[in-house]
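Structure at a glance
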Amino acid sequence: PTKYRDVGEVSAWKALDPIDRFGKYLRTKSWWDDKRQAEMEARLARDLDAAVKEAEAAGPPGAETLVDDVFAAVPPYLEEQRRALLDEIASRQGHAGGVGEFPL
C-alpha cells in the first residue's frame, strides 16, 4: 500500500479498521476473548478445508457452463462462441486429446 500512499496515511486507516474496532468493542464488553477467537478460527479452517475437498472432488465444470453465472443473460457473441466450442469438443470425441472435455 505504500507504493501510492505514505506510511502515515496507511497507519491512520489501519487504526480505523472496522473489524479490529468491533473486535476491541466486543472484548471491552467481555463478549469475546482469545479462546472464542481460536475456536472460531479453527472451525473456519475446518469448514474451508472441507469446502475445498468437496470442490476438488467435484471435478472441473463442463465446457457448456463456461459463461453461465457471468451475465444475467448470455450475450449472443458468447453464446455463439460456446456453441463453436461445444461443436469442436463433439468433433474430437473418441480422438486422442478429447474425451468430452476440451483437449488437455
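First, a word on scope: everything that follows refers to the structure included in this document. As the structure is a computational prediction, the values presented were derived from the model and not from experiment.

Under the definition given, this model contains two aromatic pairs. Plain terms: the ring middles of Phe 22 and Tyr 25 are 6.2 Å apart, the flat faces sit at 25° to each other, and that makes the pair stacked. Linking Phe 22 with Tyr 25, this pair stays in helix α2 (residues 18–28), spanning three residues, or about one helical turn. Judged by relative accessible area, Phe 22 falls into the partly exposed class, the value being 48%. Accessibility expressed as a relative area gives 38% for Tyr 25, which makes it partly exposed. When the ring of Tyr 25 is compared with that of Trp 31, the centres are 5.9 Å apart and the planes differ by 80°; the resulting orientation is edge-to-face.

Another aspect to go through is the pattern of salt bridges. Per the counting criterion, the structure on display carries four salt bridges. Asp 68 is paired through a salt bridge with Arg 82; the nearest N and O atoms lie 2.8 Å apart. In this pair, Asp 68 is assigned in the loop between α3 (34–58) and α4 (76–92) and Arg 82 in helix α4, connecting sequence segments 14 residues apart. Taking relative accessible area as the criterion, Asp 68 reaches 33% and is therefore assigned partly exposed. The exposure class assigned to Arg 82 is buried, which follows from its relative accessible area of 11%. In this structure, the salt-bridge partner of Glu 79 is Arg 82, at a minimum N-O distance of 3.0 Å. Taken together, the residues span about one helical turn, with Glu 79 and Arg 82 both in helix α4 at a distance of three residues. Taken together, the shared-partner salt bridges in this structure form one network comprising Asp 68, Glu 79 and Arg 82.

Thresholds applied
- As a convention, each chain's residues are numbered from 1 in the sequence order in which they are written.
- Confidence filtering applies because this is a predicted model: local features only for residues at pLDDT of at least 70, side-chain atom pairs given and counted only at 80 or more, and all residues used for totals across whole chains, interfaces and linings.
- Where side-chain values are given, they derive from all heavy atoms of the structure, hydrogens and water being excluded.
- Between 30 and 60 degrees the pair is tilted, below 30 it is stacked and above 60 it is edge-to-face, where a pair is any two Phe, Tyr or Trp rings, Trp via its six-membered ring, whose centres lie within 6.5 Å.
- In this text, helices come from DSSP runs of H or I with a minimum length of four residues, and strands from runs of E with a minimum of two, each type numbered from the N-terminal end.
- Think of it in three bands: residues with accessible area under 20% of the maximum for their type are buried, residues over 50% are exposed, and the middle band is partly exposed, with areas taken using a 1.4 Å probe on protein chains only.
- Counted as salt bridges are all cases of a side-chain nitrogen of Lys or Arg within 4 Å of a carboxyl oxygen of Asp or Glu.

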